[in-house]
Structures are given as structure tokens and as C-alpha cells.
Amino acid sequence: MLLKERTEPHDLVVLRYLNNRMELSAKDQFQLSTLEKGYAGEVMFDQKTEHLSEERYIIDDLLLQVNNSFFQLDKVIIARDAIHLIDVKNFVGDFYLDGDKLYAVKNGREYKNPITQLTRSATLFRQLLQNLKLNHIVHATTIFINPEFTLYQAPMDQPIILPTQTNRYIKELQNTPSKLEHSHQILAQKLLSLHQVKNPFSNLPDYDYEQLEKGIYCKNCYSFNTYVQKFDLVCGKCGTHEKIGDAVLRTTEEFKLLFPEYRITSANIYKWANSTFSNKTISRVLQKNFAAIGKNRHTYYE
Ligand SMILES: [Zn+2]
């Protein structure tokens, strides 16, 4: 049973928006592509585990704080035999382990060893169980999900699941009988209540309203070359049509996420969309989708 679903990481969505409206540095471009790949890998693994039987609790994307240390768990599966902490890595290419260091074969670049990270998370998780006076066996595993990943010199005693082993790993999980008890439910509820919403690992570039390109870009090709035609926003580059209501809503959500400190008003969205839509159209869409606060010129939306 899925208790908490995965959503697109906040930093990923913000970087996507910024990428459309400003020039990202090479470092931020790299961060964006790392987040895209990581998220895609997690979703790939979610699809493989979505048919696990009901007698397991699944919590995706859990961020916990134990003894002042934060740690993130891609997936927690609470089963009768054990609590499975799963870290998913979407690395592509040939890698090798040398001692506890991980390198890419192609360019010798060193990567953070996911096993070190996983071991730390598992230790903190066990401490948490101890603090809660709960007694469960914990299994921590790093799953390399991408079929194009190869790990040379992979030690057999490490908690690693390689792409060729993923399906067997899930089958084994599925074939282990699991009847949950009250204590599992307590643990699941406790974990959900301890989930941290604000991510301390967030690492976004500085940006301000003035420096971002205004307008509304095509949802398909991200071109700002768009115009209104009857009830649609039309892309002058790729020809994609989008209902005006959807386009206004999309650009408002973007504005809201990038500038949580600004009020959503039709004047602000009008400016943000670089007068692509009339004030009347914007007001109509905002009224339909948000709660209006205040009157006339002073109306804002939440
Ligand atoms: Zn387009």
C-alpha cells in the first residue's frame, strides 16, 4: 500500500523554470540534468514496485532528521521481515569501485560513493528506531536501475543491486510472505509525521524577477514565440495549441513557485506573461482556480 507518493523535487521544477527564462551557469545546468536523471530513475523503480502486494507499506521520498542530521530515503518498504531502505541510482556508463571510491571508466571522474551515503542513512535510521523504542530489522540497498550501467569490480558483499538483478530483487521481495502488524502501522505513521518538508540540501542559484525573461513559453518546445488565437495559446515555432485557461494556470503556478513572496494578482500575472493575455482573461482564470481575497483593484488570490 502506497502511503506517500513521489512528486517532482522542488529544486528540479524551479531549475526547469529558470532554464527557460535565464541563462543557467554550467554548474546549474549540470545540477538540472543530475536531478532530471535521478528523478527519472526513481520513477522507473516506482513502476517496477507498484504491483507489490498490499501487505507492505511503501513511503516514497522521505526526508528525515535524526540527531541533527538530515538524510533522504528514496523509498521505504515496510514489510514483515524487514524495513527496506532503498536508494535508486540512475547512472549510465561504465564505472568501477576502487576501495570505497567510485569512478567513471571513461574520464576517471570520481563520484560520491552511493554505498557510503546509504550506510550513513541506514545508521541514522536505526538510531531513529532506537529513539522510538521500535525494534525492526533494517535492510538498506542501492539499486542501479539503468540497464546501461556497468560496475566493474563490484564486490559481492556490498548492498548493491545491479540492473541485471533488479527484477529478481523485486520478485524476491514479492515472494516473501508479509503480514503486517500494529507495530508496522505505528512505524509508518511515525515516519510520515517526521517527514521534513523543507529540504536542507536545496541548492538553487540566486535569481530575481527583473532578470528573468517575461512572457509565456510554449509547453512543448519552450519558445516564447506564442500568441493568442481565439481560445488557444498557439506556438509560432512548433504550432502547439494550448487552451488559454490551461496556459494562464500554468504560468501562474510557475510564478507562484518562483516567487512565493509575491501576491498572485491579475496585474502581476499580466506583467509576468508579458501582456500575452488580457487582464479580463487572467482574472477569469484566477477566479475559477484560486480563492479571491479582497475586492476590485486590490484582489489577490491564494
Ligand atoms: Zn512550441
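Residues numbered from 1 in each chain as written. Predicted model: local features only at pLDDT ≥ 70, side-chain atom pairs only at ≥ 80, totals over all residues. Heavy atoms only, no water.

An unreviewed UniProt entry annotates the protein as NERD domain-containing protein originating from Mesobacillus subterraneus.

Caption draft 1: Spatial organisation of the environment of Asn225. Structurally, the position occupied by Asn225 is in the loop between α5 (182-194) and β11 (226-229). For the pair Asn225 and Gly236, spaced 11 residues apart in sequence, the C-alpha to C-alpha distance is 5.3 Å. Not counting residues up to four positions away in its chain, the partners in contact with Asn225 are Val234, Cys235, Gly236 and Lys237. (Helix = DSSP H or I, 4+ residues; strand = E, 2+ residues; numbered from the N terminus. Contact = heavy atoms within 4.5 Å.)

Caption draft 2: Region of interest: the coordination of the zinc ion. Within the protein, the atoms that donate to the zinc ion are Cys218 (SG), Cys221 (SG), Cys235 (SG) and Cys238 (SG), at distances of 2.3 to 2.4 Å. Taken together, the 4 donor atoms coordinating the zinc ion and their angles of 106 to 113° define a geometry best described as tetrahedral. (Donors = N, O, S within 2.8 Å, 3.2 Å for Na, K, Ca; no water. Tetrahedral: all angles 85-135°; square planar, octahedral: opposite > 155°, others 65-115°.)

Caption draft 3: Layout of empty space enclosed by the protein. Counted by the stated rule, this structure contains 1 cavity of 30 Å³ or more. Cys218, Lys219, Thr226, Leu233, Val234, Cys235, Thr240, His241 and Glu242 together form the lining of the largest cavity. Elements supplying a minimum of two residues to the lining of the largest cavity: β12 (232-235) and β13 (241-243). Here the element with the most residues in the lining of the largest cavity is β12; it accounts for 3 residues. (1 Å grid on protein atoms, 1.4 Å probe; cavity = no way out; pocket = protein on both sides within 12 Å on 5 of 7 lines; lining within 4 Å. Points joined across faces, edges and corners; volume = space filled by probe spheres on them.)

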